[in-house]
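Now for the letters of each chain:
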Amino acid sequence: MSSKKSNPALTMLLLGILFVFIGGGATGLSLIFGADAVESKQIFDIVMYVGIGFAVLGVILIIAGIVSGKRRKTPKAAQQKEQTPAIERVDDKIVEPTFVFEPQTYEFVTVGRRQSNDEKFNEIGKMGKTQFVIYMCKLFSLNGYEVTYTPVAENHDIDLLIKRDGVTRVVGCLLANKVMCAEDIKSIYAGKDFYQADGVMVVTNMYFDRTALDFAKSRKITLVDRNILIEKYMR
């Protein structure tokens, strides 16, 4: 047989109201009838003081009941607050959380580990875009470039900035399972002016078709396909 859980705050509140009602009634009666009762005035005075005491006790119980009720609600409110993600604001603008990526460790990245080219590109095929960008950063670093990551969002399709011999290039990393065409590299070329770079490089794990080669030649874009990756960077 189930029983409802008692509510101490409600109990104190009801007792407080009852005590105030009794105390107020007793005090009122003693004042009304005690004024004319000279012989029993002492008794009415006692009743009045007792009534005042009951009234004061009732007020205390009412206050205690209210305070206790607020405390019982506090844990739920705190729990809801913990479940609500905090929004950081700077100058009334929402600041997006910093992107934190924990890349998976691939065997072919380890310096000194020998793998065939097929094994390397099989592992690259398992990567996501961000993992491929991180891998290219390591390859460029090993080949003497100073490398800087661009923001994850709103980067104008530019993933890396590489610098060597005083020349800075923007790099777009295209991880794909198809041959790249001119449309795939146009947005990367457009990002050059935003970063005020000296040149543009597009890197892919696949190949470029004739339209991409012609577009790159007319705009002096350096294309790095699967074969060039093997020959110049995966040494």
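Heads up: the structure comes first, above all this text.
Quick caveat, the model's predicted, so the values are computed rather than measured.

Student: Give a description of the overall build of the protein that names residues and reports values.
Tutor: Secondary structure summary: the protein contains eight helices and seven strands in total. Taken over 235 residues, the protein has a buried fraction of 31%. In the protein, 59% of the contacts between residues at least 6 apart in sequence involve partners at least 24 apart. Accessible area for the protein stands at about 16,500 Å²; split by element, carbon and sulfur atoms hold 57% of it.

Student: So what's going on with unusual backbone geometry? Residues and values would help.
Tutor: The bulk of non-glycine residues show a negative phi, and the bulk of peptide bonds are trans. A positive phi angle, close to 55°, is found at Glu154, a residue other than glycine. Relative to the elements of secondary structure, Glu154 occurs in the loop between β3 (146–149) and β4 (160–164). Glu154 gets classed as exposed once you look at its relative accessible area, which sits at 75%. A positive phi angle is found at His156, which is not glycine, with a value near 60°. Tracing the chain through its elements places His156 in the loop between β3 and β4.

Student: Break down helix α7 (residues 210–219) for me, citing the residues and quoting the values.
Tutor: Taken residue by residue, α7 has Ala212, Phe215 and Ala216 as its buried positions. Seen from one end, α7 has its buried residues packed into an arc of 95°, which puts them on one side. Turned more than 90 degrees from where α7 packs its buried face, Arg210, Lys217 and Ser218 sit exposed. Where α7 is buried, its residues contact α5 (182–190) and β7 (221–224). The first or second residue beyond α7 is Lys220, which carries a positive phi of 55°.

Student: Run through the pattern of salt bridges, naming residues and quoting values.
Tutor: Going through the model one piece at a time under the given rule, you end up with five salt bridges. Between Glu183 and Lys186 there is a salt bridge, and its shortest N-O distance comes to 2.9 Å. In this pair, Glu183 and Lys186 are both assigned in helix α5, three residues apart and thus about one turn of the helix distant. Of the charged contacts, one joins Asp214 and Arg210 as a salt bridge, the two residues approaching to 3.7 Å between their closest N and O atoms. Taken together, the residues Asp214 and Arg210, both in helix α7 and four residues apart, mark about one turn of the helix. Residue Arg210 is classed as exposed on the basis of its relative accessible area of 56%.

Student: Describe in detail the side chain of Asp225, supporting the description with residues and values.
Tutor: Position of Asp225 among the secondary structure elements: in the loop between β7 and α8 (226–233). Despite its burial, Asp225 pairs with no opposite charge; the closest candidate is Arg226, at 8.7 Å N-O. Within the structure, Asp225 has its side chain in polar contact with the backbone nitrogen of Asn227 (distance 3.2 Å). Apart from residues no more than four positions distant in its own chain, Asp225 is found in contact with Thr204, Met206, Tyr207 and Phe208.

Student: Please provide a residue-by-residue account of the packing of aromatic side chains, values included.
Tutor: A complete count under the given rule lists four aromatic pairs for this structure. Here Tyr189 and Phe215 contribute two aromatic rings whose centre-to-centre distance is 6.1 Å and whose plane-to-plane angle is 85°, an arrangement assigned as edge-to-face. Here Tyr189, found in helix α5, pairs with Phe215, found in helix α7; they are 26 residues apart in sequence, far enough to count as distant. Assessed through its relative accessible area of 28%, Tyr189 is described here as partly exposed. An angle of 85° between the planes, with centres 4.9 Å apart, marks the rings of Phe194 and Tyr195 as edge-to-face.

What counts and what doesn't
Sequence positions are assigned chain by chain, starting from 1 and proceeding in written order. Since the coordinates come from a predicted model, pLDDT governs what is reported: local features require at least 70, and pairs of side-chain atoms require 80 or more to be given and counted, while whole-chain, interface and lining totals use all residues. Only hydrogens and water are set aside when side-chain values are computed; all heavy atoms of the structure are taken into account. Labels follow the DSSP assignment, with helices taken as runs of H or I lasting at least four residues and strands as runs of E lasting at least two, numbered in each case from the N terminus. Only protein chains enter the accessibility calculation, which uses a 1.4 Å probe; a residue whose area is less than 20% of its type maximum is buried, one above 50% is exposed, and one in between is partly exposed. Should any heavy atoms of two residues lie within 4.5 Å, those residues are counted as being in contact. Surface accessibility in these figures is a Shrake-Rupley result with a 1.4 Å probe; residues are shielded only by whichever protein chains are displayed. Think of it as the arc spanned by the lines of direction from the helix axis to the C-beta atoms. By definition, a salt bridge exists where a carboxyl oxygen of Asp or Glu is found within 4 Å of a side-chain nitrogen of Lys or Arg. A residue counts as positive if it is Lys or Arg and as negative if it is Asp or Glu; His and the chain ends are not included. Think of a polar contact as two N or O atoms within 3.5 Å of one another; within protein, one of them needs to be a possible hydrogen donor and the other a possible acceptor, and neighboring residues in sequence only count if both atoms come from side chains. Each Phe, Tyr or Trp ring, with Trp reduced to its six-membered ring, pairs with another whose centre is within 6.5 Å; inter-plane angles below 30 degrees give stacked pairs, above 60 give edge-to-face pairs, and intermediate values give tilted ones.

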